[in-house]
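One-letter residues, chain by chain:
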Amino acid sequence: MKNWFLILFSAAFVTVQVSAQETPARLIVRSDDMGAFHSVNEACIDVYENGICTVVEVMPVTPWFPEAVKMLNENPGIDVGVHLAITSEWENFKWRPLTSCPSLTDSNGYFYPMMGPNEAYPGQSVKENNWKLSEIEQEFRAQIELTLKNIPQTSHLTGHMGAIRFDPQVLEMVHRLADEYNLTFVEGDGLKAKYNVQSVGYSGSNKTAEDKIAGFIRMLDNLEKGKNYIFLDHPSYDDEEIETVGHIGYEWVAEDRQGVTDMMKDELVKQAISKRGIELISYNNLTKSLPRSTPQQENVSEKGIQNYLEAVKKSRQDLHSLMILRHGKIVAEHWFGDNSADKPHIMNSVSKTFTAAAIGFAVAEGKLKVTDKVISFFPDKLPANISPNLEALEIRHLLTMSVGHDANAAREASRKEGADWVEAFLAAPITEKPGTEFEYNSLATYMLSAILQKVTGEKLIDYLYPRLFRPLGIIGATWENSPQGINIGGWGLYIKTEDMAKLGQFILQKGKWNGRQLLPESWFDEATRSHIASLPAGVKRENLTIKAKDSDWLQGYGYQMWRCRHNAVRADGANGQFIIILPDKNAVIVTTAHISDMQAEINLIWKYLLPAMR
């Protein structure tokens, strides 16, 4: 994977600055037309893994789209866009629409080669024929839905050969579709103005690979600090496949596009980007990142943060990252060692809070109720004898870790070779009445994932993408599966530090995001309150030696979230993964780590970071 341009912060605290004079120029490097050819597919992945590419546009109408799907899903860190197409320009290769739209096709059913009049192709353009807006909309919908079905991390929309911007009606319609599908439309003039972004190209000749390299580097010299830029081109290889590709007026496709691939991988280009301090970003970074501010502007003591980091170092805690939000803005972000901003981290049981959010969406959509009986979802997996306690078990008991059975026994049963995890959970004896006793139970969360997949027909992660991940700008998430092909739910999620912060802010805002109420506020009132007296994982109440005033594991448990001291609530994962939500401070604190003594970790947060928020 490409790691050469990642900014690895030193052990000193990093304060985020927001003034244009101090922020670097930021550059999106975009590769277009994935799916068109095998050679294009391979080159797009190549320039992402080994070059400077940050964004790939995929065309769902093209013949190599299935291969593109496979490759993009194997590389979930790529920011993917739907490249909406209603033309098929090449002489020897054509593609047809996904829907019936005769106003957009020639007599053979292929898309026209051109958008506008072209002397080489008289009468063979979209504009020269009586295109219908309704047919363009239905075709765009089909292309979007096919892409989202197969590549759920897709974040945005673009147009192939001007397919979006050739008419104001089409432009308005695409804005509407982007909004409907929770995708960012990145070609709108309003977006460019909002994010201070402009398109750039080669400076000077770009005929040969050498010209492209030199022209790209010259272009870098003109990028200004504090501004955002987009560069796009079409990588491919000069091979037998692409040697057959071309149209009148553009017959040197293979040589030209090999030059693009060479440029995007060139070491001089990489060095020039690094030397000039240019930050490579994606569309998702540009449009969906949390806003940045400074500690001073949000009334947070920078000295307090520095003292915290010094205490972490002194105590030899293996902290991997820290992110602090105040008033919805990131005021501090820091990574240690080889951890970095765009490197996903294991979440362990922070995964559970995402699973609970998915249940919240399913409840809001009427797909289930928290009072639904667990056995009603798995009639074919029940034990021969159904005990009264098993019969009484409800979804809310799974959410609150109050199932009533020995979690260790269920876990050990699921580990047997060939075991069905749902059957193992249901077969474990429930000795206590559900809802009366707390016992930390990760398989209970797995059952939530299994129930969700049962009622929606989708894996947990796929269900979350349109409802939570795309609106919040969380892409590149991966989630491990059980042997039965169900997302584990209780653990196994990998996301980035800022993704954790986004969930924390989402909870703090009680489901509201960018002015929209994505999940009802009432869900968060229930999810964050204490439903049952909690205990540290694996500890029996009769063996408890600590007092509630000294422990953040004795403050009560909500829906897959722990209550904390200081009126806080947290998502919590083994070895120091925390999303701490502080309503009284309008703040969120996020950590990733490998720290076994998690109480000691959180104690330092209370000692130094809490009082730093004035």
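Residues numbered from 1 in each chain as written. Predicted model: local features only at pLDDT ≥ 70, side-chain atom pairs only at ≥ 80, totals over all residues. Heavy atoms only, no water.

### Considering the overall build of the chain
Then comes step 1: A count of helical and extended segments in the chain gives 21 helices and 19 strands.
Then comes step 2: A compact globule built from 614 residues would reach a C-alpha radius of gyration of about 25 Å, and the chain, at 26 Å, matches this within 12%.
Then comes step 3: With respect to the three principal axes, the spread of C-alpha positions in the chain is 85 × 60 × 45 Å.
Then comes step 4: The long-range fraction of contacts in the chain, counting pairs at least 24 apart against all pairs at least 6 apart in sequence, stands at 72%.
Then comes step 5: Put simply, the chain shows about 24,800 Å² of open surface, and 48% of that area lies on carbon and sulfur atoms.
Then comes step 6: Computing the positive centroid from 63 side-chain charges and the negative centroid from 77, the chain places the two 9 Å apart. (Helix = DSSP H or I, 4+ residues; strand = E, 2+ residues; numbered from the N terminus. Rg over C-alpha atoms; globule rule 2.2 N^0.38 Å. Contact = heavy atoms within 4.5 Å. Areas by Shrake-Rupley, 256 points an atom, 1.4 Å probe, with all protein chains shown as cover. Lys, Arg positive; Asp, Glu negative; His and termini not counted. Charge placed at Lys NZ, Arg CZ, Asp CG, Glu CD.)

### Concerning the confidence of the model for the chain
Then comes step 1: For the chain, per-residue confidence averages 94 on the pLDDT scale, and residues scoring 70 or more make up 96% of the total.
Then comes step 2: In this model, residues 1-20 is a region of pLDDT below 50 whose contacts with residues beyond four sequence positions or in other chains number 52 contacts. (pLDDT = per-residue confidence, 0-100.)

### What to know about the environment of Lys540
Then comes step 1: Its location among the elements puts Lys540 in the loop between helix 20 (521-527) and strand 16 (562-563).
Then comes step 2: Relative accessible area serves as the criterion here: at 39%, Lys540 is assigned to the partly exposed category.
Then comes step 3: C-alpha of Lys540 to C-alpha of Phe438: the two residues are 102 residues apart in sequence and 9.3 Å apart in space.
Then comes step 4: When near neighbours in sequence (up to four residues on either side) are disregarded, Lys540 contacts Glu439 and Leu535. (Buried < 20%, exposed > 50% of the residue type's maximum accessible area, 1.4 Å probe, protein only.)

### A short note on the sheet that holds strand 12 (residues 478-479)
Then comes step 1: Pairing is antiparallel in the open sheet, where three strands are placed in the order 11-13-12. Each edge of the sheet is formed by a strand with only one pairing partner; in this case those strands are strand 11 (345-346) and strand 12.
Then comes step 2: Of the pairings in the sheet, the one linking strand 12 to strand 13 (residues 493-495) comprises two bridges and is antiparallel in character. Note that in strand 13 the partner of Trp479 across the bridge is Leu493. (Pairing = 2+ DSSP bridges.)

### As for the packing of aromatic side chains
Then comes step 1: Scanning the model with the defined rule gives 19 aromatic pairs in all.
Then comes step 2: Where Tyr465 meets Phe469, the ring centres are 5.1 Å apart and the plane angle is 90 degrees; that geometry is what we call edge-to-face. Taken together, the positions of Tyr465 and Phe469, both in helix 18 (residues 460-472) and four residues apart, correspond to about one turn of that helix. Residues Tyr465 and Phe469 agree in their burial class; the two are buried.
Then comes step 3: Among the aromatic residues, those joined into a cluster by ring pairs are Phe438, Tyr440, Trp553, Tyr557 and Trp562.
Then comes step 4: Here the basic side chain of Arg96 rests over the ring of Tyr110, its NZ or CZ set 4.3 Å away from the ring centre. (Phe/Tyr/Trp six-rings, centres within 6.5 Å; stacked < 30°, edge-to-face > 60°. Lys NZ or Arg CZ within 6 Å of the ring centre and 35° of its normal.)

### Quick word on unusual backbone geometry
Then comes step 1: Of note in the backbone geometry, Lys510 takes a positive phi value of approximately 50 degrees without being a glycine.
Then comes step 2: Residue placement: Lys510 occurs in the loop between helix 19 (497-508) and strand 14 (512-513).
Then comes step 3: For Asn586, which is not glycine, the phi dihedral falls at a positive 50 degrees.
Then comes step 4: Relative to the elements of secondary structure, Asn586 occurs in the loop between strand 18 (577-582) and strand 19 (587-593).
Then comes step 5: Given the relative accessible area of 31%, Asn586 is considered partly exposed.

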